[in-house]
Amino acid sequence: MPAIVLIGAQWGDEGKGKATDLLGGKVTHVVRYQGGNNAGHTVVTPDGEKYALHLIPSGILTPGCTPVIGNGVVVDPHVLVEEMQGLADRGVDVGRIRLSADAHLIMPYHIAIDKVSERYLGKAKIGTTGRGIGPCYQDKIARIGVRVQDLLDPSILAQKVESALELKNQILTKIYNRKALDPQQVVEETLAVGEQIKPLIADTRLLLNQAHEAGEWILLEGSQGTLLDVDHGTYPYVTSSSPTSGGAAAGSGLGPRAIERSVGILKAYTTRVGSGPFPTELFDDSGEYLRKQGGEVGVTTGRDRRCGWFDAVVARYATRVNSLTDFFLTKLDVLSSLETVPICVAYDVDGVRHDEMPMTQTEFHHAKPIYEEMPGWFEDIRHCRTFDELPANAQAYVHRLEELSGARMSVIGVGPGREENVVVRDLV
C-alpha cells in the first residue's frame, strides 16, 4: 500500500493533528519526519478529551497504531519523557512509540545558545521558540551532532559532548557572557533521562520499509508548514528543516516512490506565528475576530497567532512544491457569521500584479494582497457531514478555493471535534 504524507500548506498551525487523527484509524504507522518540539498538534477525541502533542505523532491516540519518531526529527529527551508521562497518566499506552536510532538529540547547550543568540539579534530576530531546534540541526549538518543511538554507548556520548563543549562554552562565555556548561554533568543528565527512552529505540528505517513491503498504510506527518521550509519557505523566517513532501522521504527512510499521495492541510483563512512577511495579515477587528473565533494561540509557544484572509497564491505554491493531490480544509466554521469573506487571489508588488509567488525576498516583503470578495453565511455548520448540507455560500467559497489552489478539497473541517468533518473524498 502507498504511504501518504500530510503537509502544512501555509505557515503551519493549519490543523494537521486533526487530519492525522482522522486517518489514524486507517493506517498502521504514523510518522513524524522532521522538526522537534517547536511545533504541536491539538487533537480532540470523541469523548471531548483534548491532547496537546509536541513530539509524539498523533497516532498515539489510535489503538493498534505504531507512532514513529523518524530520523529527521530532533528530539529533546526531557520533553519526550515529560510528554510520554503526561499521556501515560491519562491511560494512553506509550510503549508503542518507536524512536529512530538516527534521530539527533537536542542537548542543553543547543537550548542555551538558541535563547541567548535570539535575544542578541534584537529587532532582527527570527522568532524561534528558543528550544534548541536550529542549533541542533546546525550540529547535525556540521557532523558534530549527538544521536539517539549514542545513549546506548556512554563513552561515545561523553566524547561527543566534551568535543562539542570545547567550542560551545567559548561561545557562551566569551560572546554572550554566560556561564559555561560542565560536560560531565551534561552527560550524566542525558544518560539518566535516556534510560527512560531506551526501550523505544529502533531501526525505524527498516521497520517502515518492512511495513510498506507488507502492504500496510503509512501516514507521514510534517510539523510546521510549506512556507516555513528551510529551502522553499520565506527565508530567513523559516524553520531549520524541510516540512515539505520532499523532506518526508529523507526524514523517514522511506523511498520517494513509496509516497503516492500528498495531502495539503489548509486553514480556511491564514495564520502565522513569529516574525516574517505575511501579505494578508489583518490588524483590525477582522483579525481579532479570526483570532478569537479560531482560538489562534500556539499549542507549543502560547503566542497569539497573526491572522489574515485566505491566500490563494500561497496555496498554489504549496500545491506545486509538494505535488499535492488533495486538500484537507480546516476551520471553515470560523468564518460563519461574516457578511463577506475576502480571498487573496494575487499580489500587487510595486504596481506589478503577481499571480504566483514572487521570486525574491524583497518582492515578497513588498507584496500587497489583491482581494476577491465572496458572500458569507450565517448558519452553524458544525453539524454538517455532507457537502450538500453546507450553506450555498459556504459551498461556493470552498469551490472557489479549490479552483484557485489547484488541488481538490477532499475533506472539510467544520469544527474542532474528531467527527466534525465533511468527507467529500476518502483520503485512504
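Structure first, text after, so check above.
These lines cover the structure that appears in this document, whether it is placed above or below. Starting afresh in each chain, residues are numbered from 1 along the sequence in its written order. Given that the model is predicted, a residue must reach a pLDDT of at least 70 before its local features are reported, and side-chain atom pairs must reach 80 or more before they are shown or counted; all residues, however, enter totals for whole chains, interfaces and linings. Where side-chain values are given, they derive from all heavy atoms of the structure, hydrogens and water being excluded.

### Looking at the pattern of salt bridges
Going by this rule: Counted as salt bridges are all cases of a side-chain nitrogen of Lys or Arg within 4 Å of a carboxyl oxygen of Asp or Glu. The helix count covers DSSP runs of H or I at least four residues long, the strand count covers runs of E at least two residues long, and both are numbered beginning at the N terminus. Only protein chains enter the accessibility calculation, which uses a 1.4 Å probe. A residue is then buried if its area is under 20% of the maximum for its type, exposed if over 50%, and partly exposed in between.
Scanning all chains against the criterion turns up 20 salt bridges. Close ionic contact of R306 with E281 constitutes a salt bridge, the shortest N to O distance being 2.8 Å. Here the residue R306 occupies a position in strand β13 (residues 306-308), and E281 occupies one in the loop between β12 (270-272) and α9 (285-293), the gap between them amounting to 25 residues. We note that R306, like E281, is buried. Between R400 and E403 there is a salt bridge whose closest N-O contact spans 2.9 Å. With a gap of 3 residues between them, R400 and E403 both fall in helix α12 (residues 392-405), about one helical turn apart. The structure contains a network of salt bridges with shared partners spanning D13, K267, E296, R305 and K331.

### Regarding the nonpolar core
Applicable threshold: The set of buried Ala, Val, Leu, Ile, Met, Phe, Trp, Tyr and Cys residues whose side-chain atoms join them within 4.5 Å is what this entry labels a nonpolar core. Contacts are assigned to residue pairs that have any heavy atoms within 4.5 Å of one another.
The biggest cluster of nonpolar side chains holds 54 residues, and the ones touching the most others in it are L220, L332, L335 and Y397. Here this core takes 5 residues from α12, the largest share from any one element. Residue contacts for L220: discarding those within four places in its chain leaves A3, I4, V5, L6, V31, Y33, A248, S252, L254 and I259.

### Focus on the environment of G25
Its location among the elements puts G25 in the loop between α1 (16-24) and β2 (29-32). As a C-alpha pair, G25 and C65 span 40 residues in sequence and 7.4 Å in three-dimensional space.

### Quick notes on the environment of A52
Note that A52 resides in strand β4 (residues 50-53). On the accessibility criterion, A52 (44% relative accessible area) is partly exposed. The spatial distance from the C-alpha of A52 to the C-alpha of E83 is 9.2 Å, given a sequence separation of 31 residues.

### So, the environment of L172
Within the secondary structure layout, L172 lies in helix α5 (residues 154-175). Linking L172 and S117, residues 55 residues apart in sequence, is a C-alpha distance of 9.5 Å.

### A look at the packing of aromatic side chains
The following threshold applies: Two aromatic rings, drawn from Phe, Tyr or Trp (for Trp, its six-membered ring), form a pair once their centres lie within 6.5 Å of each other, and the interplanar angle then sorts them: stacked below 30 degrees, edge-to-face above 60, tilted otherwise. Remark: a charge is flagged as sitting over a ring if the NZ atom of Lys or the CZ atom of Arg is within 6 Å of the ring centre and within 35 degrees of the ring normal.
Enumeration according to the criterion identifies 4 aromatic pairs in this entry. Seen from their ring centres, W11 and F278 are 5.3 Å apart, and the 50° between their planes marks the pair as tilted. One end of the pair, W11, is in the loop between β1 (3-8) and α1; the other, F278, is in the loop between β12 and α9, with 267 residues separating them in the sequence. On the accessibility criterion, F278 (8% relative accessible area) is buried. The interplanar angle of 50° and the centroid separation of 5.9 Å between the aromatic rings of W377 and Y397 together place this pair among those described as tilted. With W377 in the loop between β18 (367-375) and α12 and Y397 in helix α12, the pair connects residues that are 20 residues apart, well separated along the chain. Taken as a pair, W377 and Y397 share a single burial class, namely buried. A cation over a ring is seen here: R90 above Y51, with NZ or CZ 3.8 Å from the ring centre.

Interpretation in functional terms is not warranted from these geometric data alone.
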